[in-house]
Amino acid sequence: MLRKPFIAGNWKMNMTAESGAKLIKELAPLVKDANCNVALCVPAILIPAMTQAAKGTNIAIGAENVHWADKGAYTGEISCEQLKEYGVKYAIIGHSERRQYFGETDESVNMRTLAALKNGITPIVCVGETLSEREGGITEKVLDKQLAEGLKGVENVADVVIAYEPVWAIGTGKTATDEQAQETIAYIRKKIGQLFCPKCAEKVIIQYGGSMNAANCKGLMAQSDIDGGLIGGASLKLDFATIVNFDK
Ligand code: 13P
């Protein structure tokens, strides 16, 4: 298999130590025979308890963000070293909610991405257009900039996971159609081929995110360029296991 599918949850600012551990305990037997890589990206404060809850399972725990500096005066931020202490394997970077509400830019996305790679944490770099950008016909232009600037200086692009999350599909219940998601993700792969090399682009895992759920995951995952999903709302319940088992 050239690219092993990768289904990841993004809990956003949801769950507690108690409800999170309960969910992981319930999910573990349901996802244990998955043919894909499985992760749950959780709020930083829950990372110690969730790594404990996921011990001995095939569920990896990820972070929802990571800072670029090794340490220092960055109140409220979390470093790679701090994440690594708990065995964190993945960090979501540049989620549209971070871009929209917390001033995240392509430049800060780039710094965070390079820091994660340097520390052996796989960055899940989020890209995607807003509704007005799609309607204005500039989706490709927006993605070009996010990819070129966000991935600047990356040595081995196959070490990065890309999540294509059209902003208009996030938390809205309005999923991109299978064809829309495939077409845009194929474009992202082509662009990565141009920025790096076509062969490397073939190795990059590209997820779809945006109202992906137990009902629509099969159709999306059947698309040739869609290698996985970044799941928000549906990762807060047992539906996440149905998505992980999309191929069964
Ligand atoms: P929803 O699945 O809730 O639409 O969220 C998608 C998302 O933003 C994952 O990062």
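Residues numbered from 1 in each chain as written. Predicted model: local features only at pLDDT ≥ 70, side-chain atom pairs only at ≥ 80, totals over all residues. Heavy atoms only, no water.

A. Region of the structure containing the overall build of the chain. Each helix and strand in the chain was counted, giving eleven helices and eight strands. The globule rule puts the C-alpha radius of gyration for 248 residues at 18 Å, and the 17 Å found for the chain is close to it. For the chain, the spread of C-alpha atoms along the principal axes amounts to about 45 × 45 × 35 Å. Counting all 248 residues of the chain, 52% fall into the buried class. Taking contacts inside the chain between residues at least 6 apart in sequence as the whole, the part at least 24 apart equals 74%. Of the accessible surface of the chain, which amounts to about 11400 Å², a share of 53% is contributed by carbon and sulfur atoms. For the chain, the separation between the mean place of its 27 positive charges and that of its 29 negative charges on side chains is 4 Å. (Helix = DSSP H or I, 4+ residues; strand = E, 2+ residues; numbered from the N terminus. Rg over C-alpha atoms; globule rule 2.2 N^0.38 Å. Buried < 20%, exposed > 50% of the residue type's maximum accessible area, 1.4 Å probe, protein only. Contact = heavy atoms within 4.5 Å. Areas by Shrake-Rupley, 256 points an atom, 1.4 Å probe, with all protein chains shown as cover. Lys, Arg positive; Asp, Glu negative; His and termini not counted. Charge placed at Lys NZ, Arg CZ, Asp CG, Glu CD.)

B. Main features of the site of the ligand. For the ligand, the full set of nearby residues is Asn10, Lys12, His95, Glu165, Ala169, Ile170, Gly171, Gly210, Ser211, Leu230, Gly232 and Gly233. Between the ligand and the protein, one listed contact pairs an oxygen atom with a backbone N or O atom of Gly233 at 2.9 Å. Relative to its unbound accessible surface of 300 Å², the ligand loses 94% to contact with the protein. (Near = heavy atom within 4 Å. Polar contact = N/O pair within 3.5 Å; in protein donor to acceptor, adjacent residues only side chain to side chain.)

C. Representation of the packing of helix 7 (residues 139–150) against helix 8 (residues 178–195) within the structure. Closest axis-to-axis distance for the helix 7/helix 8 pair is 10 Å, and the angle between their directions is 45°. As summarised for this structure, helix 7 and helix 8 are arranged oblique, according to the angle between their axes. The two elements helix 7 and helix 8 cross, and the hand of that crossing is right-handed. Note on element contacts: helix 8 touches helix 7 through Thr184, Tyr187, Ile188, Lys191, Ile192 and Leu195, opposite Thr139, Glu140, Leu143, Asp144, Leu147 and Ala148. (Axes fitted to C-alpha atoms, helices over the stretch in contact; angles between N-to-C directions. Parallel < 35°, antiparallel > 145°, perpendicular 65-115°, else oblique. Left-handed = near helix turned anticlockwise from the far one by under 90°.)

D. Highlighting the nonpolar core. Within the largest apolar cluster, 63 residues are counted, with the highest numbers of intra-cluster contacts made by Ile7, Ile24, Leu40, Ile162, Ile188, Ile192 and Tyr208. Tallying contributions element by element places helix 8 first for this core, with five residues. Those residues in contact with Ile192 that sit more than four places away from it in its chain are Leu147, Val157, Ile162, Cys197, Ala201, Val204 and Ile206. If you look at the next biggest cluster of nonpolar residues, it comprises 13 residues, including Phe6, Ala8, Cys126 and Leu230. (Core = buried A, V, L, I, M, F, W, Y, C linked by side-chain atoms within 4.5 Å.)

E. Region of interest: the pairing of strand 6 (residues 161–164). What you see with strand 6 is no split at all: Val161 and Ala163 on one side and Ile162 and Tyr164 on the other are buried throughout. The sheet contact formed by strand 6 and strand 7 (residues 205–209) spans four bridges and is parallel. Each bridged residue has a counterpart across the sheet, and for Tyr164 the counterpart in strand 7 is Tyr208. (Pairing = 2+ DSSP bridges.)

F. How the structure looks around the environment of Thr175. Residue position: Thr175 is located in the loop between strand 6 and helix 8. On the accessibility criterion, Thr175 (23% relative accessible area) is partly exposed. Once residues within four sequence positions are removed from consideration, Thr175 is found in contact with Trp168, Ala169, Tyr208, Gly210, Ser211, Asn216 and Leu220. A distance of 3.2 Å separates a polar atom in the side chain of Thr175 from the backbone oxygen of Ser211.

G. Highlighting the environment of Ile138. Tracing the chain through its elements places Ile138 in the loop between helix 6 (131–135) and helix 7. With a relative accessible area of 34%, Ile138 lands in the partly exposed category. Spatially, the C-alpha atom of Ile138 lies 30 Å from that of Trp11, the residues being 127 residues apart in sequence.

H. A look at helix 1 (residues 17–31). Across its 15 residues, helix 1 extends 20 Å between first and last C-alpha, which sits within 8% of the 21 Å expected from 1.5 Å per residue. By the burial criterion, the buried members of helix 1 are Gly20, Leu23, Ile24, Leu27, Ala28 and Val31. Turning to helix 1, the residues buried within the fold contact strand 2 (37–42), helix 2 (47–53), strand 3 (59–63) and helix 11 (239–244). (Expected span 1.5 Å × (residues − 1).)

I. Molecular detail of the packing of helix 5 (residues 106–118) against helix 7. The N-to-C vectors of helix 5 and helix 7 enclose an angle of 40°; their axes lie 8 Å apart at closest approach. Taken together, the axes of helix 5 and helix 7 lie oblique to each other. For the crossing formed where helix 5 meets helix 7, the hand is right-handed. Taking contact as the criterion, the partners of Asp106, Val109, Asn110 and Thr113 in helix 5 are, on helix 7, Lys145, Gln146, Glu149 and Gly150.

J. Region of interest: the state of the cysteines. Evaluated as defined, the whole model comprises one disulfide. Two residues share a disulfide in this structure: Cys197 and Cys200, whose sulfurs sit 2.0 Å from each other. Negative torsions about the S-S bond denote left-handed disulfides, and the value of about 90° found for Cys197 with Cys200 makes this one right-handed. Cys197 sits in the partly exposed class, given a relative accessible area of 26%. (Disulfide = S-S within 2.5 Å.)

Geometric values such as these leave the question of function open.
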